[in-house]
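Here's the letter readout for the chains.
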Amino acid sequence: MTGGQFGMPADRSPDMLVRELCHDLIESAAAIGIFVRLADTEATGAGLAAGCQLRSRLEGIAAAAGQIVEICQRVLEQGGEPR
Amino acid sequence: MSADPCEAAPGQHRLHRTSHELKQLIAAVLFPAAAALEEPGLSPAVRRYLERIVWQGNWMADMIQDFLRQVQPGGMHQDARQSGTARGETVHAAIGGTDVMEVVNEAVALAALTWPGRATVESPPAPARCRLHPILLRRVIFNVLSNATRAAGPSGTVTIRIRREEDATMVSVSDSGPGFGKIPTGSGIGLAAAAGIIARYDGRIELGSDMGGGACVSLWLP
């Protein structure tokens, strides 16, 4: 590809839409993982996490975000079935 | 879309099943994040990160709804302005369109989480808006910026220029990478998706070279 106008993609099948969806979701899910780490570091530094539920909630969020990344990666690598 | 509805069905089923699974996981992000925000004694920084998590979760949920709309009978975004009800974005068309600068800034902030290079945004003093729904504009800008940061590499630069043309907002994204065709390409899904979205609004994407030899992607957004 060297330049010029880039046109509408021909493939708008549901399978292609699944791949597009996973492609676009994966960075947001990864970003959530980063925000969780930043929040956890910040809370630990401020001594907040010890006496409250924050840490377990952050762990739950990170696990869910990690599963989203896994599903999306599988769809993108295999081109179809998430499981 | 397949001409044979019987062939299309498994693909639709797959999209619905994957979407359902992803929505459940997004709920597993949003509920504890919302609960954590209610905890007493949070520092402003922790609160800010939790709010970003909620924002990302809502954005992902909106995006899934948008994809599901595309396979509903009647199909492809008859009116994309109906999207995004979760954050009341249906009003965006009534207030003059989507703020391009706001979306670009969101995308740059997100990219900065994982990319250590330098991004510069040049924009006009007056707001630049376009007709694309915020969900769709975010997908376009995030994809194009993601390609640019990957091409530029960790020590590279990306420049985003926004300007108003007669009947459109023009956004150009140029990077300090080696240019099109000189590095291993990604999946191509992101750029194709961006082109598809813009074409639905009668806009266009042009690929070219920056003066420094890097790639330049120009978006005309009506």
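Residues numbered from 1 in each chain as written. Chains lettered and ligands numbered in written order. Predicted model: local features only at pLDDT ≥ 70, side-chain atom pairs only at ≥ 80, totals over all residues.

**Student:** Which parts of the structure should I look at to understand the packing of helix α1 (residues 14-45) of chain A against helix α2 (residues 44-70) of chain B?
**Tutor:** What describes two packed helices is the angle between their axes and the distance between those same axes. Look at α1(A) against α2(B): their axes get within 9 Å of each other, and the N-to-C directions meet at 170 degrees. The pairing of α1(A) with α2(B) is recorded here as roughly antiparallel in orientation. In terms of residue class, the contact of α1(A) with α2(B) is made up of 20 nonpolar, four polar and three charged. (Axes fitted to C-alpha atoms, helices over the stretch in contact; angles between N-to-C directions. Helix = DSSP H or I, 4+ residues; strand = E, 2+ residues; numbered from the N terminus. Parallel < 35°, antiparallel > 145°, perpendicular 65-115°, else oblique. Nonpolar A, V, L, I, M, F, W, Y, C, P; charged D, E, K, R; others polar.)

**Student:** It is not clear to me how the confidence of the model for chain B should be interpreted in this structure. Could you clarify?
**Tutor:** Regions with low pLDDT carry predicted coordinates that are not meant to be interpreted in detail. All names here are of chain B. On average, chain B scores 84 in pLDDT, and the residues at 70 or more come to 83%. This model gives residues 1-6 a pLDDT under 50, and the stretch forms six contacts once residues within four places in sequence are excluded. Overall, residues 77-91 carries pLDDT values under 50, and its contacts beyond four positions in sequence, including any with other chains, amount to 26 contacts. With a pTM of 0.81, the predicted complex shows an ipTM of 0.85. (pLDDT = per-residue confidence, 0-100. Contact = placed C-beta atoms within 7 Å.)

**Student:** Help me understand the domain arrangement of chain B in this model?
**Tutor:** As a measure of interface size, the accessible area lost when the parts come together is often cited. Each domain of chain B was delimited in the assignment, giving domain 1 (5-76) and domain 2 (97-221). Between domain 1 of chain B and domain 2 of chain B, the C-alpha centre-to-centre distance is 24 Å. (Domains from an automatic or database assignment.)

**Student:** Any chance you could explain the nonpolar core here in plain terms?
**Tutor:** Across soluble globular proteins, you tend to see nonpolar side chains buried next to one another. Core analysis: the biggest nonpolar cluster contains 82 residues, and A:I61, A:A65, A:I68 and B:V140 have the highest contact counts within it. The greatest single-element share of this core, amounting to 13 residues, is contributed by α1(A). Residues from two domains meet in this core; each of domain 1 (5-76) and domain 2 (97-221) of chain B gives at least three. Beyond its immediate sequence surroundings of up to four residues, A:I68 is in contact with A:L25, A:A29, B:L22 and B:L25. (Core = buried A, V, L, I, M, F, W, Y, C linked by C-beta atoms within 7 Å. Buried ≥ 20, exposed ≤ 12 C-beta atoms within 10 Å, placed from the backbone.)

**Student:** When you look at the pairing of strand β6 (residues 204-209) of chain B in this model, what are you seeing that I'm missing?
**Tutor:** Looking along a regular strand, one sees side chains alternate from face to face of the sheet. Residue and element names in this part refer to chain B. Two strands pair when backbone bridges link them, and β6 and strand β7 (residues 215-221) are joined in this way by six bridges, in the antiparallel orientation. Residue E206 lies in a different strand from β7, and its bridge partner there is S218. Between β6 and β7, which follow one another and run antiparallel, lie five residues, and G213 among them has a positive phi close to 100 degrees. (Pairing = 2+ DSSP bridges.)

**Student:** Honestly, the environment of B:A112 in this entry has me stumped. Any pointers?
**Tutor:** Residues and elements named next belong to chain B. For A112, the position within the fold is in helix α3 (residues 100-114). Assessed through the 13 C-beta atoms surrounding it within 10 Å, A112 is described here as partly exposed. Spatially, the C-alpha atom of A112 lies 17 Å from that of E51, the residues being 61 residues apart in sequence.

**Student:** Quick question: what am I supposed to make of unusual backbone geometry here?
**Tutor:** Residues other than glycine predominantly adopt negative phi, and peptide bonds predominantly adopt the trans conformation. Located in the positive-phi region is B:D202, a residue other than glycine, with phi close to 65 degrees. With respect to the secondary-structure elements, B:D202 resides in the loop between α5 (189-200) and β6.

**Student:** When you look at the pairing of β7(B) in this model, what are you seeing that I'm missing?
**Tutor:** Residues and elements named next belong to chain B. Here β7 lies mainly inside the structure; six of its seven residues are buried. The sheet contact formed by strand β5 (residues 169-175) and β7 spans six bridges and is antiparallel. Across the sheet, the residue bridging to S172 is S218, located in β7.

**Student:** So what exactly am I meant to see when it comes to the environment of B:G41 here?
**Tutor:** Within the secondary structure layout, B:G41 lies in the loop between α1 (5-37) and α2. Using a count of 12 C-beta atoms within 10 Å as the deciding quantity, one classes B:G41 as exposed.

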